[in-house]
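# Structural features, examined
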Amino acid sequence: MAVSAEHPVVPGRGLLRDLRRLAVFMTKRIVALFLTVVVGVYLTILVANMGGKVDELRRIQIESTVAEEVRANPDFNDMSSQERNELINERVQLEVERLNLDEPFIWRSFDYLNQAIWLNLGRAEQMSSDRGSRDVYDIIGERLPATILLFGTANLLIFFSSVFIALRLSRRYGSPADRAVIGLAPTSAAPAWFYGIFLILFFAFIAPILPAGGMVDVPPPQSMTAYGLSVLKHMVLPVLAMFMSQIFISIYSWRTFFLIHSSEDYVEMARAKGLPEGRVERRYILRPTLAPIVTSFLLMLIGLWSGAIILEQVFNWPGLGTLLFQAIGHRDTPVIIGGVVIFAYLLALTVFILDILYAILDPRVRVGPE
Amino acid sequence: MNRWTEGLYQLRQYPSAIAGALLILFLVLLSLYTVITIPYSQAIEQWRGGEIWERNPVNAGPVWADRLTGGNAPATFTVEPRDEAVESQPFKGGQRVSMPLTFDYTADGFPSELNLFLSADYENTAPFIRLTWHTPDGRTIPLGNHQITGDRRISISQDWDLQRRLGALPHVGLFAEEPTAAASQREVQAGTYRLQVDAILFEDDAELDAELVVYGQVHGIAGTDHQRRSLLLALLWGTPIALAFGLLATVGTTVTTLVIAAVGVWYRGWVDAVIQRLTEVNMILPLLPILVMVGTLYSTSIWIMLGVVILLGIFSAGIKMYRAMLLPIREAPYIEAARSYGASNGRIVMRYMIPRVLPVLIPNFVTLIPTFVFLEASLALLGLGDPSLPTWGKILNDAQDQSALYHGFFYWVLEPALLLMLTGLGFAMLGFALDRVFNPRLRSI
């Protein structure tokens, strides 16, 4: 890469150079992230298939189902036992070939991997979507909005309120409110589902004003507004649970962060110049700290994708987490792998956006040595 | 070492640190007490349930909670015949025995169940008994005849014929003031009750023992669950298990992560690159779904779970943080000095690089413990807890399965939740205070 000190910097060329570096950087990251997803998904396939043991289980299952079918069918009643066994074997063989169970696991695992990577998620073995489709794609697609709705709402709420409150608190450092937040920060050691249990206890059983679980009333209301209100009502407790478990630690860490940055020399300088406090906050505290703020926002999104199972389970929320848990219970390998592939892609996408934003927000990434 | 003692001295100025340390001390003492008084094998054996709990009531709340709220709910008690009241009349080839089981009943509220435990000792012919119930207001209610072969439990509460005659559950009807009132309006009658056991023994030296168990609505410090098991056992044993799991998982993940990060920083080149790539792969793998997968497909043994947690935690995002801390240390003059006197690579990594970042990591370490304690509880809540171990998460899972909140058994959820909360708070409070003491950047604020 050209060292800018050797050439006088022309504004247009500087932008071009920035873009070129950004493009190189992004391509590298995309390749690296894609390889990461491939390895991660392959590991998941290995675990989900128990290193091929799931297939043995399935074979046994096929044998017993076929035998059962043949025995229950009156057409085959007058067969001799030998003939019947041959028929059973033949049918088992057909089924095994249909599911490609006769190939060695290692080959099939690469086959799975290839399909999973191209999001060709296949058909579920046991489960079906609420509309009756057996496509893994449909099953996941049906649940994804619920998860995004719940966790998106909660996390956006937590993120923006904590940054806002922290900014206010960092100015009133040492005030009773500030101390209260420090004192309450350790309560975040408990995860959201823990608070969820208490909230359910208080607001659904002791004072039954809110529903204990689910996403919408049964039966679902007909009109759009009533439906929306019902969903909103069901969201209150889970969102509150997440809020309670994360808000104090979040405020605490942002407060510390802003305090450290608001004691920097250039901030003191701005204050000494007599700039209004709002301007100091926006230009001198928030702008230089934007990169870490965005990082933590996206890291929070990453946490959002992976921490969903238990809270959804406690609140009976029909999202991706509950789906994954049910799929594992049914030993439905395609759905499990589909769920994890979606998780992995969402995570990779988040990491990628993080990289780009970092490059845009932090000038050092652009002008730093390659 | 001076830095550490100084840090500890400073720590004393934080009330939250002291409170946290006291909470941890309490939990550690509780674990020690539990491990010493209830041996592991005994705890596992008892938690499996069965006959040892047959004299406990089902789903009874803790006694103290009832008494604190001014209640006087019945507790479980056992009535045995007093020796002087037992009369025995011999006849040719046997004896008649009259065995009154007398007790005072003063609690508000009906018992939750009524069982009579009988054991007969005889050679050939089993004894025969007739049971009659005498209420304080002088009524007598026949409870039927039975032949007693060996040890036998007569479940008076499940006598459908009696229930039909009384028009209410037997343990309600037998203790009610107004036998004719509607079932919902019956009130408990205080006074002296008697269950008369009249037995005919067909052998001269045959013996009969009877014990009446009047099951209460409250039981012990912690109450009982749907299998009559005392929750106290699981609450007590949950403590050492939770602490051990949290501590082992934290040590396992932080120490390995730190060492690997240090090795990567020290050797650079392909070693570092491999470590970085592995970390990125690991960041893409969702921890909880994988744990759930391992739990359902392989085994729910707590040790296997611990192993997987550590395995997935080795290349965690922490490596990136440690790397950032260790990179400047690598170039520090004292490391160069160590190299020039010929220190080995291993020595430099273990003795010079790692100890340098330890103080900054101690607070992290302490705050990480409750995360794993809650992780174990989370897994148990999803039904993936170790099936044989009594843990806090297990209690919560049972409570969830039995819809404890719906049925109003709040103690069942609140007790393990309280212990979890104490653990979380204890470590978090100490960790936050440590953070302020050992992190120089925060100290000035």
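Residues numbered from 1 in each chain as written. Chains lettered and ligands numbered in written order. Predicted model: local features only at pLDDT ≥ 70, side-chain atom pairs only at ≥ 80, totals over all residues. Heavy atoms only, no water.

### Some remarks on the overall build of chain A
Counting its secondary structure elements, chain A contains 15 helices and zero strands. Here chain A has a C-alpha radius of gyration of 28 Å; the compact-globule value for 370 residues is 21 Å, and the former is much larger. For chain A, the spread of C-alpha atoms along the three principal axes comes to 100 × 65 × 40 Å. Looking at chain A residue by residue over its 370 residues, the buried ones come to 45%. Of all intrachain contacts in chain A linking residues separated by at least 6 positions in sequence, the fraction that spans at least 24 positions is 70%. Carbon and sulfur atoms form 63% of the exposed surface of chain A, whose accessible area is close to 19,300 Å². If you average the places of the 33 positive and of the 34 negative side-chain charges in chain A, the two averages end up 16 Å apart. (Helix = DSSP H or I, 4+ residues; strand = E, 2+ residues; numbered from the N terminus. Rg over C-alpha atoms; globule rule 2.2 N^0.38 Å. Buried < 20%, exposed > 50% of the residue type's maximum accessible area, 1.4 Å probe, protein only. Contact = heavy atoms within 4.5 Å. Areas by Shrake-Rupley, 256 points an atom, 1.4 Å probe, with all protein chains shown as cover. Lys, Arg positive; Asp, Glu negative; His and termini not counted. Charge placed at Lys NZ, Arg CZ, Asp CG, Glu CD.)

### Comments concerning the overall build of chain B
Along the backbone of chain B there are 17 helices and nine strands. The C-alpha radius of gyration computed for chain B amounts to 32 Å, which surpasses the reference 22 Å derived for 445 residues by more than 25%, pointing to a less compact arrangement than a globule. In terms of overall dimensions, chain B has a C-alpha envelope of 105 × 50 × 40 Å along the principal axes. Looking at chain B as a whole, 51% of its 445 residues qualify as buried. Pairs at least 24 residues apart make up 76% of the contacts formed inside chain B by residues separated by at least 6 positions. For chain B, the computed accessible surface area is about 20,700 Å², with 58% contributed by carbon and sulfur atoms. When the 31 positive and 39 negative side-chain charges of chain B are each reduced to one mean point, those points stand 18 Å apart.

### Points about the confidence of the model for chain B
Scored by pLDDT, chain B comes out at a mean of 84, with 96% of its residues at no less than 70. When pLDDT is averaged over each helix and strand of chain B, the minimum, 56, is found for helix 17 (residues 440-443) of chain B and the maximum, 92, for helix 2 (residues 15-37) of chain B. (pLDDT = per-residue confidence, 0-100.)

### Quick word on the sheet that holds strand 4 (residues 113-121) of chain B
All names here are of chain B. Taking strand neighbours across the sheet as the criterion, the four strands line up as 1-9-4-7 in an open arrangement whose pairing is antiparallel. Looking at the sheet topology across the chains shown, the edges are occupied by strand 1 (77-79) and strand 7 (151-155). Averaged over all pairs of adjacent strands, the angle between strand axes in this sheet comes to 20°, irrespective of strand direction. Bridge count for strand 4 against strand 7 is five bridges, and the pairing is antiparallel. Bridge pairing links L118 to R152 in strand 7. (Pairing = 2+ DSSP bridges. Axes fitted to C-alpha atoms, helices over the stretch in contact; angles between N-to-C directions.)

### Observations regarding the packing of helix 3 (residues 40-47) of chain B against helix 7 (residues 231-267) of chain B
Residues and elements named next belong to chain B. Closest axis-to-axis distance for the helix 3/helix 7 pair is 11 Å, and the angle between their directions is 140°. In this view, helix 3 runs oblique relative to helix 7, as classed from their interaxial angle. You can see that helix 3 and helix 7 cross each other, and the crossing is left-handed. For the pair helix 3 and helix 7, the contacting residues are Y40, A43, Q46 and W47 in the first and L233, A234 and W237 in the second. Of the residues that constitute the contact of helix 3 with helix 7, the class distribution is six nonpolar, one polar and no charged. (Parallel < 35°, antiparallel > 145°, perpendicular 65-115°, else oblique. Left-handed = near helix turned anticlockwise from the far one by under 90°. Nonpolar A, V, L, I, M, F, W, Y, C, P; charged D, E, K, R; others polar.)

### A look at the pattern of salt bridges
All names here are of chain B. Applying the stated criterion across every chain, the model contains 16 salt bridges over all chains. Here E113 ties to R228 by a salt bridge, and the two come within 3.0 Å at their closest N and O atoms. Of this pair, E113 sits in strand 4 while R228 sits in the loop between strand 9 (207-215) and helix 7, placing them 115 residues apart in sequence. For R164, the salt bridge is made with D161, and the minimal N-O distance between the two is 2.6 Å. Note that R164 and D161 are positioned in helix 5 (residues 160-166) at a spacing of three residues, about one turn of the helix. Taking relative accessible area as the criterion, R164 reaches 61% and is therefore assigned exposed. Connected through salt bridges with shared partners, the residues D161, R164 and R165 form a single ionic network. (Salt bridge = Lys/Arg side-chain N within 4 Å of Asp/Glu carboxyl O.)

### Topic: the packing of aromatic side chains
Residues and elements named next belong to chain B. As enumerated under the stated definition, the model contains 27 aromatic pairs over all chains in all. Ring centres of F77 and Y105 lie 6.3 Å apart, and the angle between their planes is 45°; on these two criteria the pair is classed as tilted. Pair noted here: F77 is in strand 1 and Y105 is in strand 3 (residues 94-105), with a separation of 28 residues, a long-range link. Overall, the relative accessible area of 1% leaves Y105 in the buried class. Here a set of aromatic residues connected by ring pairs shows up, and it is made of F77, F103, Y105, W133, F175 and Y193. Directly above the aromatic system of F91 lies the positively charged group of R96, at a separation of 5.6 Å from the ring centroid. The residue whose ring lies beneath R228 is Y215, and the NZ or CZ to ring-centre distance is 5.3 Å. (Phe/Tyr/Trp six-rings, centres within 6.5 Å; stacked < 30°, edge-to-face > 60°. Lys NZ or Arg CZ within 6 Å of the ring centre and 35° of its normal.)

### Here's the deal with the interface of chain A and chain B
Interfaces are often described in size by the accessible area the parts lose on coming together. Each partner contributes residues to the interface: chain A has 49 residues there, and chain B has 39 residues. With both chains or domains summed, chain A and chain B bury close to 4,300 Å², and 83% of this area falls on carbon and sulfur atoms. Our count for the chain A to chain B interface comes out at zero salt bridges. At the junction of chain A and chain B, the tally comes to one residue pair in polar contact (both at pLDDT 80 or more). Of all the secondary-structure elements, those providing two or more residues to the side of chain A that touches chain B are helix 1 (11-48), helix 7 (192-206), helix 8 (224-262), helix 12 (308-314), helix 13 (320-329) and helix 14 (333-361) of chain A. (Buried area = accessible area lost by both parts, 1.4 Å probe. Polar contact = N/O pair within 3.5 Å; in protein donor to acceptor, adjacent residues only side chain to side chain.)

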